[in-house]
Amino acid sequence: MQLPQIHSITKKVLVALVGAFLLLFLLFHMTANLFILRHDDGAWYSAFCHFMGTNWVVKIFEVVLLGVVVLHIVLTIWLALTNRLARPTRYHQRQRSKTHANSKLMALTGALIFAFLVMHFCQFYFVKIGWVKGEYMVEVEKLQTEEVMTVQQYAMQQQMTPADWVAELEAQVSMYASQMTPEQQQEMQANIQSLRDALPVAELLRPENLSADRKWVRHIDYDQRNMLKKTVPDCGVEPDFYYMSREFFHNGIMVLLYLAAFVVLFMHLTHAFPSVFQTLGLNNYKYNCAIEVLGKIYTAVIVLGFAIVPILVYLGL
Ligand code: HEM
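Residues numbered from 1 in each chain as written. Predicted model: local features only at pLDDT ≥ 70, side-chain atom pairs only at ≥ 80, totals over all residues. Heavy atoms only, no water.

**Student:** Sorry, what's going on with the overall build of the chain here?
**Tutor:** Helix and strand content of the chain: 12 helices and 3 strands. Dimensions of the chain, computed from the C-alpha atoms along their principal axes, are close to 100 × 45 × 30 Å. Of all 317 residues assigned to the chain, the portion counted as buried reaches 36%. For the chain, the share of sequence-separated contacts (at least 6 apart) that also reach a separation of at least 24 residues comes to 78%. Accessible surface computed for the chain: about 19600 Å², of which carbon and sulfur atoms make up 63%. (Helix = DSSP H or I, 4+ residues; strand = E, 2+ residues; numbered from the N terminus. Buried < 20%, exposed > 50% of the residue type's maximum accessible area, 1.4 Å probe, protein only. Contact = heavy atoms within 4.5 Å. Areas by Shrake-Rupley, 256 points an atom, 1.4 Å probe, with all protein chains shown as cover.)

If you want it as C-alpha cells, here you go:
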C-alpha cells in the first residue's frame, strides 16, 4: 500500500502542535466544568455555555477544535501505518524497548479516549447541534413578546390560567360578535388567534420552570424546543448543560465510566506531555526529568479537576 508522502518529521511536529493545543483545551474545559459544582442553579455555568454557544469567535474555535481532534487521530494513525509499512517484514526478535511499549500504550489509550469522545459527544455536543435530544433552556426576556405578556398579565389579574383566560375572552367576543362588523370580527379573531399561539410559550414561563435568578426558563423538552423554534424563531433556545450534567451524574454507572475514562486520559497525557516537548525540540537532558514531573502535575490537575465533578454531583455535594 502506498500512503501520500509527507515527511514523518513534519507529521510528528504537526501531531505535537495539535497535541499541545488539545492539552490547553482540556485545561480550559476542566476549569469551566467546575462551575457545575456551584450551587447557584446554574447561573454561572449557564452564562458560560450561553457565551460559548453564541459568541462567533468561540464558534470558529469550536470548528477548529473539532478539526484538530480529527487531525490528531488521522495523523497518529497515519504515522503508525507509515512506520509499519516502512518495515514490511517484522523483526524476528520482538521489540521490548521502552519507546515501543509507550507507542503501543498511546495507541490503546488513544483508541479508548476516542470511544469515550463518541459517547461524550452523544451525551452533550450532539445535543447542541441537534442530532440528539436533550433538555433545553432559554432566556426569559427572549420569550416576553407582547402577546405573551398580555396573556400573562390579564390571566394573573383575573387569577386564571392563561388558557382559561383566553377561552373566557373568546366566549365574550363570540357573545358580542353579532354587534360587530365583519372586519371587526375578523380583526378580533386574528387577535385571539395570536393570543392562543402565545399560550404554549406563556405556559413555559410558569414560576416552577424558572431558574433561581429568574433569567432562564428551564426543563424545556425536545418537543417544546421545536415549538419555540417555530413560534419565537429568534429566542435562541439552547441545551441546558448545567441541568443535564447534574442529572447525568446521578447515574452511578455513568460516573464509573467517566472515572475510568479519566484514568485512561491520565495515562495518555502523561506520555503525551513530554513527547510534545521532545518533538518540538524543547527538551534538554538537564530538564527532561523536570518536564516529566511537570507533565504529571499538569495532567493530574486536569484529571482530578474533571473527576471531582461527577464524584461530588453523585454524592449530592
Ligand atoms: C466531568 C467531565 C466532563 C463534563 C461534565 C463535560 C461536559 C461537556 C459539555 C457540557 C460539553 C458541551 C459544551 C458546549 O458545547 O458548549 C462538552 C463538550 C466537549 N467535551 Fe466535555 N466534559 C467532560 C469531560 C471531557 C473530557 C475528559 C474530554 C476529552 C477527553 C472532553 C472533550 C470535549 C470536547 C472535545 C467537546 C466539544 C467541544 C466543545 O463544545 O467545547 N470532555 N463537554
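The rest of the description comes next.
**Student:** Where do I start with the coordination of the iron atom of the ligand in this structure?
**Tutor:** Coordination of the iron atom of the ligand by the protein involves His-29 (NE2) and His-120 (NE2), with metal-donor separations of 2.0 Å. Coordination geometry of the iron atom of the ligand: the 6 donor atoms subtend angles of 87 to 179° at the metal centre, consistent with an arrangement described as octahedral. In this pair, His-29 sits in helix α1 (residues 8-33) while His-120 sits in helix α4 (residues 98-128), placing the two residues 91 residues apart along the sequence. Classification of His-29 by relative accessible area gives partly exposed; the value is 22%. (Donors = N, O, S within 2.8 Å, 3.2 Å for Na, K, Ca; no water. Tetrahedral: all angles 85-135°; square planar, octahedral: opposite > 155°, others 65-115°.)

**Student:** Whenever I open this one, the state of the cysteines confuses me. Can you help?
**Tutor:** Disulfides are covalent bonds that link the sulfur atoms of two cysteine residues. Applying the stated rule across the entire model yields 0 disulfides. Cysteine Cys-122 remains unbridged, with the sulfur of Cys-49 as its closest cysteine sulfur at 18 Å. (Disulfide = S-S within 2.5 Å.)

**Student:** What am I meant to see in the packing of helix α6 (residues 146-157) against helix α8 (residues 182-204) here?
**Tutor:** A pair of packed helices is captured by two measures, namely the crossing angle of their axes and the spacing between those axes. At a minimum axis distance of 8 Å, the contact between α6 and α8 shows a crossing angle of 80°. When the axes of α6 and α8 are compared, the pair comes out roughly perpendicular. On the side of α6, the interface is formed by Glu-147, Val-148, Thr-150, Val-151 and Gln-152, while α8 contributes Ser-194, Leu-195, Ala-198, Leu-199, Val-201 and Ala-202. Classifying every residue of the contact of α6 with α8 by side-chain character gives 7 nonpolar, 3 polar and 1 charged. (Axes fitted to C-alpha atoms, helices over the stretch in contact; angles between N-to-C directions. Parallel < 35°, antiparallel > 145°, perpendicular 65-115°, else oblique. Nonpolar A, V, L, I, M, F, W, Y, C, P; charged D, E, K, R; others polar.)

**Student:** What exactly am I supposed to notice about the nonpolar core here?
**Tutor:** Soluble globular proteins tend to pack their nonpolar side chains together in the buried interior. Membership of the largest hydrophobic core comes to 70 residues, with the highest contact counts inside it found for Val-138, Leu-143, Val-217 and Leu-228. In terms of residue count, the dominant contributor to this core is helix α11 (residues 252-279) (10 residues). Residues from two domains meet in this core; each of domain 1 (8-87 + 98-135 + 244-314) and domain 2 (144-239) gives at least three. If near-sequence neighbours (up to four positions away) are discounted, Val-217 is found in contact with Tyr-136, Met-137, Val-138, Val-140, Leu-143, Leu-204, Leu-205, Asn-209 and Leu-210. (Core = buried A, V, L, I, M, F, W, Y, C linked by side-chain atoms within 4.5 Å. Domains from an automatic or database assignment.)

**Student:** Looking at this structure, how should I read the sheet that holds strand β2 (residues 216-220)?
**Tutor:** Picture the strands of a sheet paired through backbone hydrogen bonds; they go either parallel or antiparallel. Taken together, 3 strands build an open sheet; the order of strands is β2-β1-β3 and the sheet is antiparallel. Single-partner strands in this sheet number two, and they are β2 and β3 (238-239). (Pairing = 2+ DSSP bridges.)

**Student:** Got a minute to help me understand the domain arrangement of the chain in this structure?
**Tutor:** Where interface size is given, it is often the accessible area lost as the parts come together that is meant. For the chain, the assigned domains are domain 1 (8-87 + 98-135 + 244-314) and domain 2 (144-239). Between the C-alpha centres of domain 1 and domain 2 the distance comes to 45 Å. Listed by partner, the interface residues are 12 residues for domain 1 and 13 residues for domain 2. Carbon and sulfur atoms supply 51% of the area that domain 1 and domain 2 bury against each other, a total of about 1000 Å² over both sides. (Buried area = accessible area lost by both parts, 1.4 Å probe.)

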